[in-house]
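Observations on the model geometry
This is what each chain is made of:
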Amino acid sequence: MKSKRITHRFIPNSVEEIEGEILAAIGVSSLEELFSSIPKEVRLKRKLEIPYYPSEFELKSHCKEILDKNVSADEILCFLGAGIYNHYIPSVVKEIIGRAEFSTAYTPYQPEVSQGVLQSLFEYQSMICELTGMDYANCSMYDGASALGEACRMSIRANGKRKILIPKFINPERFEVLKTYVEPLDAKIAKYSQSLEDGQADLRDIEAKLGEEDVTCLYMEQPSYFGYLEQNLDEISERVHKKGALLIMGIDPISLGIFREPSSYQADIVVGEGQALGLSMNYGGPLLGILAARGELLLRQMPGRIVGMTTTQDGRFLAFCNVLQTREQHIRRERATSNICTNEALMAIASAVFLSLLGPQGLKDLAECILAKTSYAIKRLSEIKGIKVPSFNAIHFKEFLINYQKKDCYEIHKELLKRGIHGGKIVREEFPELGNSALYCVTEVIKKEHIDTLASNLEEVIKY
Amino acid sequence: MEEELKALEEIKAKIPEKILRKSLAKLPELSEVEVVRHFTRLSQQNYGVDLGIYPLGSCTMKYNPKISEEIVRSPKLTQMHPYQDMSLAQGILRIMYELQIYLSKITGMDKFSLQPAAGAQGEFVGALIMRAYHRDRDKRRNEIIVPDSSHGTNPASASMAGFKVIVIPSNDEGLVDLEALKASLSDRTAGMMITNPNTLGLFEVQIAEIARMVHEAGGLMYYDGANLNAILGKVRPGDMGFDIVHVNLHKTFAVPHGGGGPGAGPVGVKDYLKDYLPIPTVEFNGKEYYLDYNKEKSIGRVRSFYGNVAHLVRAYIYLLALGPDGLERVSEISVLNANYIMMKLSKYYDLPKAKGKFRMHEVVLSSSKIKRDTGVRTMDISKALLDKGIHPPTIYFPLIVEEALMIEPTETESKEELDRLIQAMIDIREQAYKDPESLLNSPQNTTISRVDELKANHPKSLKLTWRYIR
Ligand SMILES: Cc1ncc(COP(=O)(O)O)c(C=O)c1O
């Protein structure tokens, strides 16, 4: 069926006269001639079945009507975290990344007209390195989970070994993604145990597993998926390095305002989810994969784009451009360090703006504020009889587990929801050994009253 | 506040010194207005689609409608946590569900996953699906075939998924050489990755035959959707014989590129492959929309959560803003514009391969004759374009064309804007013959003159963070 040759506001040359003028210039009498190389047998002979909203007003109302079916974290009291966090986003961040000069640009292939994106990304890389203490960072991966997948692949390429050690209490989404990323390399993944008492890594188990040959790297998260902090990182690092394996550390960038930076543990590669640095939750995306490392050897194994500082050819001005591109797919093709091309550049710029606004003291203050709220929440909730808070006897940041003991976690979830409260993420399916537990999160947007409201409602629901 | 501070003091007393940071991170220390000015000024040093034509071949740099930008700023989207109870997320799940269906209709596939964050991640998923499919049939198929004109991500994705990459040459017409294809097919063939129209902007007229040959050999056909803009509503990958496709929402479906990302690369498959898709997919049971994790054969996950959701919403809005007739117009006019450029410029630049044939949505020219005659390279031409306030085409790709200039105007450029590009390229060529030296110093009208990339990459002067200069 022939299309109705409409004129559309997004398509300037869809105006009949202009179209005719161009056709004449090309020397054909109809558009059809231009499509003549498509064999008839495969042509679509009917119209696509897709709704059409000709007016912007109607389209907007339609979308609004659908989105209104959502109940967002602004409308209920929400204690979800587990990898995506409801942090406050300064207005400046949204304004800057809303600027079309940034948002409607492509990858900076032409540095002379892309200094804005390039310098911003260079600043992002620099700030990630200040936070983590690492030597260099790339200018983004898709998300924290794929960054871990790529980090482990880097490790395997760097030392040729194939076994990856990860904690038992790992972020499950990251675990799933890691499996997918390393499966084609025939890598093996083994989990080292962590104490059910205080969550701390079992050093003896780590040592035993490192003793087996072929360990390429050990991955650990600080804070852990359940929000508590590991105390024995120096000891773990020492054991890992003694065996010639690499230490990969997963971080929450906000926590680095108060907790030790990965470089001080001699971490070799750092990965993390950067969403907390000024990105909206957006039902899980876009996100920002942080990937940083140290040392010459790993630099050559880095995936993704890296921006470097240089000068103009006449030496007169500072300038920025993509560097070390021979690692990348457009040059190295099947031998590239990764297939990544489009990344999460604009999200990295958002983070650079976010970190610039906070500054050193601001980041520390934010981390302390969250630490204070976490501690207050734990203290207040642990007064409630019939639940255990936190499940692990350790220092917690931003997140902690509540064990509902005998009560079913789904029932409690439903009851809380009726009261306008979204409880933490239920972890029973992924970690059956932890029973009826849910992972709660408090950030700076949670007020003391919110925590008190949660406490009083939980109290009732538990009794109920 | 008071009680929180008290809790803070208590906890601080308990935290062992050895896990605390010793000194503050050396971040900038600026007032708000200084940050705003810094980044606003930087943005002014950047070119984007909103400033003018951006004819990067293979990248489909079209206008990104503002309505999408306004809608995705709604807290009804931005403030949605991915683990929220599904009963609270019915709006966004519906959009995702309907998008899966619309993408299926456009591509002729049966089922979509919205998870991949970009085209390359979609390719990785596709290659993993091939791997899983063949493993279930107990075959050791470990080779993926790609044409030499393919994008770098194709071989890189295949290789990441554990395949050996077999590269086959294009023929003189710039199309897949069937003899070479035949010779490369065997019981090791897992599949073929190809884009159509190909990276020369030519439609692979033998595509049905290519698919038949690959299928007969036991392989699967993967469609790289980077070039889908040329064929919306005209022909569908599913009808050409493809089994797996990815689409780049940040190309065909008007999602802004963000200075390099984020994008979104949903993957669609035919019925017999749907169990391999990443988990979760979005489903509808007649009453409620929900996330379905129940897929034993799934290749797993390639990223956390469900995809770059804000971009999915943008693509959804775009589709509805155009409708079936509008989408066909997208392809028609993108092809019209590309052929106009070819007609006007092929008198001045070489047209490698398939002379006299129409192109689809893009045209690849070569300046190798100019280089031979004057010493002026494609690189210099692109810098001279910058001086005229025009973003250059993609250069030096596809690799099979010397001194390539790959031009994709898209349908959203006016005739005036196309004429501006055409005239600029004609003028630059003339200048190359008259005064080649003058081009070697371009650009001069940009915020900075030509960047020293050699110095940027030299081990002695490599600077990857500001610490390198402290
Ligand atoms: C032909 C082709 N294939 C694949 C890709 C990869 O897509 P992405 O950059 O979204 O990963 C691109 C674009 O960069 C492309 O032009």
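Residues numbered from 1 in each chain as written. Chains lettered and ligands numbered in written order. Predicted model: local features only at pLDDT ≥ 70, side-chain atom pairs only at ≥ 80, totals over all residues. Heavy atoms only, no water.

1. Quick word on the confidence of the model for chain B
Formally: Per-residue confidence from the prediction method is given by pLDDT, with values spanning 0 to 100.
Averaged over chain B, the pLDDT score is 97; the fraction of residues at 70 or greater is 100%. If you check the scores for this complex, the pTM reads 0.98 and the ipTM reads 0.98.

2. With respect to helix α15 (residues 448-463) of chain A
What counts, and what does not: Put simply, DSSP H or I for four residues or longer makes a helix, DSSP E for two residues or longer makes a strand, and each gets a number counted from the N terminus. Helix span, as expected, comes to 1.5 Å for every residue beyond the first. Only protein chains enter the accessibility calculation, which uses a 1.4 Å probe. A residue is then buried if its area is under 20% of the maximum for its type, exposed if over 50%, and partly exposed in between.
Taking 1.5 Å per residue, 16 residues should reach 22 Å; α15 of chain A reaches 23 Å between its end C-alpha atoms and fits that length. Among all positions of α15 of chain A, only Lys448, Ile451, Leu454, Ala455, Asn457, Leu458, Val461 and Ile462 of chain A are buried.

3. Quick notes on the nonpolar core
So the rule is basically this: For our purposes a nonpolar core is just a set of buried Ala, Val, Leu, Ile, Met, Phe, Trp, Tyr and Cys residues, chained together by side-chain atoms within 4.5 Å. Residues are treated as being in contact if the distance between any of their heavy atoms lies within 4.5 Å.
The biggest cluster of nonpolar side chains holds 137 residues, and the ones touching the most others in it are Phe226 and Tyr283 of chain A together with Leu181, Met192, Ile231, Leu249 and Phe253 of chain B. Those residues in contact with Tyr283 of chain A that sit more than four places away from it in its chain are Leu77, Met80, His81, Pro82, Ala89, Ile92, Leu93, Met96, Leu291, Tyr306 and Val309 of chain B. By size, the runner-up hydrophobic cluster in this structure holds 83 residues, among which are Leu121, Ala137 and Ala367 of chain A together with Val35 of chain B.

4. Points about the pattern of salt bridges
The criterion, for reference: Each reported salt bridge corresponds to a side-chain nitrogen of Lys or Arg within 4 Å of a carboxyl oxygen of Asp or Glu.
Under the counting rule described, the total for this entry stands at 61 salt bridges over all chains. Close ionic contact of Glu112 of chain A with Lys383 of chain B constitutes a salt bridge, the shortest N to O distance being 2.7 Å. Taken together, the residues Glu112 of chain A in the loop between α5 (100-103) and α6 (115-132) and Lys383 of chain B in helix α13 (residues 378-387) connect one chain to another. Judged by relative accessible area, Lys383 of chain B falls into the buried class, the value being 3%. Here Glu332 of chain B ties to Lys234 of chain B by a salt bridge, and the two come within 2.7 Å at their closest N and O atoms. Within this pair, whereas Glu332 of chain B is found in helix α11 (residues 309-345), its partner Lys234 of chain B is found in the loop between β5 (220-225) and α10 (237-240), the two being separated by 98 residues in sequence.

5. Examining the pairing of strand β14 (residues 437-441) of chain A
All names here are of chain A. What counts is decided by this rule: Strand pairing is assigned whenever DSSP detects at least two bridges linking the two strands.
The element β14 is extensively covered by neighbouring structure, given that five of its five residues are classed as buried. Taking every second residue as pointing to the same face, both faces of β14 are buried, with Ser437, Leu439 and Cys441 on one and Ala438 and Tyr440 on the other. Note that strand β11 (residues 399-403) and β14 share five bridges and pair antiparallel. Each residue of the ladder has a partner; that of Phe400, found in β14, is Tyr440.

6. Some words on the state of the cysteines
Residue and element names in this part refer to chain A. Rules: Whenever a pair of cysteine sulfur atoms sits within 2.5 Å, that pair is classed as a disulfide.
All told, the structure shown has zero disulfides over all chains when counted by the stated rule. Summary of cysteine pairing: Cys129 is not part of a disulfide, and the nearest cysteine sulfur, belonging to Cys139, is at 12 Å. Left without a disulfide partner, Cys321 is nearest to the cysteine sulfur of Cys139, which lies 12 Å away.

7. Points about helix α1 (residues 16-26) of chain A
The following threshold applies: For this quantity, the arc is that covered by the directions from the helix axis to the C-beta atoms.
Among the residues of α1 of chain A, those classed as buried are Glu19, Ile22, Leu23 and Ile26 of chain A. Relative to the axis of α1 of chain A, the buried residues are bounded by an arc of 100° and lie together on one face. Exposed and facing more than 90 degrees away from the buried side of α1 of chain A are Glu17 and Ala24 of chain A. Looking at the packing, one finds that the buried side of α1 of chain A touches α2 (31-34) of chain A together with α11 and α14 (415-434) of chain B.

8. A short note on the packing of aromatic side chains
All names here are of chain B. Defined as follows: Between rings of Phe, Tyr and Trp, where Trp is taken as its six-membered ring, a pair exists when centres lie within 6.5 Å; planes separated by under 30 degrees are stacked, by over 60 edge-to-face, and by other angles tilted. Working rule: Lys NZ or Arg CZ, within 6 Å of ring centre, within 35 degrees of ring normal, means a charge sits over the ring.
Inspection of every chain in the model, using the stated rule, returns 25 aromatic pairs over all chains. When the centroid spacing of 5.8 Å and the interplanar angle of 50° are considered together, the rings of Tyr97 and Phe284 count as tilted. You can see Tyr97 sitting in helix α5 (residues 90-107) and its partner Phe284 sitting in strand β8 (residues 281-284), a full 187 residues away along the chain. The interplanar angle of 80° and the centroid separation of 6.1 Å between the aromatic rings of Phe305 and Tyr306 together place this pair among those described as edge-to-face. No difference in accessibility class separates Phe305 from Tyr306, as the two residues are buried. When the ring centre of Tyr133 is taken as reference, the NZ or CZ atom of Arg137 above it lies at 3.8 Å.

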